[in-house]
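Descriptive structure summary
Residue strings, one per chain:
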Amino acid sequence: MSPVEKSGLYYPNKFGLIMIKALEGVMGRNGLNAILNLAELSPYVDNPFPDNLEKGFDFADVSAINKALEEMYGPRGGRGLSLRVGRALFADALKNFGALAGVADLAFAVLPLQAKLRIGIPAEAKIFSQISDQLSTVEDHENEMIYTIHKCSECYERHAVDKPMCYIAVGLLQESLRWVSGGNEFRVYESKCMAVGDEVCEFVIQKDPLST
Ligand SMILES: [Zn+2]
């Protein structure tokens with residue numbers, strides 16, 4: 001496997017730390033090492049990212065990790081792990097970021113469910129747009145929200161894939177919806193993906209929860 005060529009697009013270093021921690025949480029230390037080896041990112045084992053917001057975690061590294069998960073566990077297994085890693089990314093740390101931190105406030109907790117989604121999900125998109133090169137936007141429709149990633153790390157330099165493949169983003173959205181809503185699960189699917197030839201990666205969120 002050849003490493004993915006660097007993109008020059010970045011997340012903050014802190015997100016790299018969070019990603020490594022999420023991978024370790026889901027797969028254990030040995031699994032983490034195996035994935036980083038396969039992704040040709042093993043230097044991160046001994047030289048972890050600094051805990052700061054400087055942009056240093058390249059989109060190509062996320063793409064390489066996603067690809068390594070798929071190669072090691074097959075498309076199905078890789079997909080399940082990517083979803084779990086995405087959930088862990090949010091649960092471990094992102095929920096404490098910026099505007100999302102306010103979600104724990106009492107004033108937020110008493111809002112109606114749909115208002116929570118209307119505030120919380122754009123807040124998440126804004127965090128990514130502000131502190132990383134992952135430009136993200138949200139459109140609110142009657143029954144669904146459309147979450148669009150205009151520059152996507154997960155499928156960076158992936159082409160001619162037959163189905164949308166950005167499952168870390170799906171897991172991250174599912175967990176953020178659970179957090180923002182106070183415990184509900186929502187249906188989220190990727191409707192467009194740059195790896196299959198679309199202009200953007202687009203995720204459809206059904207606004208009615210699966211469980212109440
Ligand atoms: Zn993508």
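Time to look at the nonpolar core. Residues F15, M19, Y147 and F203 are the most contacted members of the largest nonpolar core, which totals 66 residues. Put simply, the parts of the chain that give this core at least two residues each are α1 (13-38), α3 (59-92), α5 (113-131), β4 (144-149), α6 (167-181) and β6 (201-206). When residues in this core are grouped by element, the largest group, 12 residues, is from α3. Those residues in contact with Y147, other than ones at most four positions away along the chain, are I121, E124, A125, F128, S136, T137, V138, L173, C201, E202, F203 and I205.

The protein atoms that coordinate the zinc ion are C152 (SG), C155 (SG), C166 (SG) and C201 (SG), at distances of 2.2 to 2.4 Å. Around the zinc ion, the four donor atoms are arranged such that angles at the metal cover 97 to 122°; this shape is classified as tetrahedral. All donors to the zinc ion come from one chain, and their sequence spacing reads C-x2-C-x10-C-x34-C. Of this pair, C166 sits in the loop between β4 and α6 while C201 sits in strand β6, placing them 35 residues apart in sequence. Each member of the pair, C166 as well as C201, is classed as buried.

For the rest of this paragraph, the subject is the pairing of β6. Residues in a regular strand point their side chains to alternate faces of the sheet. Burial runs high along β6: five of the six residues are buried. Bridging between strand β5 (residues 188-192) and β6 involves four bridges; their strand directions are antiparallel. Across the sheet, the residue bridging to V188 is I205, located in β6.

About the cut-offs
- Residues numbered from 1 in each chain as written.
- Predicted model: local features only at pLDDT ≥ 70, side-chain atom pairs only at ≥ 80, totals over all residues.
- Heavy atoms only, no water.
- Core = buried A, V, L, I, M, F, W, Y, C linked by side-chain atoms within 4.5 Å.
- Buried < 20%, exposed > 50% of the residue type's maximum accessible area, 1.4 Å probe, protein only.
- Helix = DSSP H or I, 4+ residues; strand = E, 2+ residues; numbered from the N terminus.
- Contact = heavy atoms within 4.5 Å.
- Donors = N, O, S within 2.8 Å, 3.2 Å for Na, K, Ca; no water.
- Tetrahedral: all angles 85-135°; square planar, octahedral: opposite > 155°, others 65-115°.
- Pairing = 2+ DSSP bridges.

Fair warning: the whole summary comes from geometry, so function is off the table for now.
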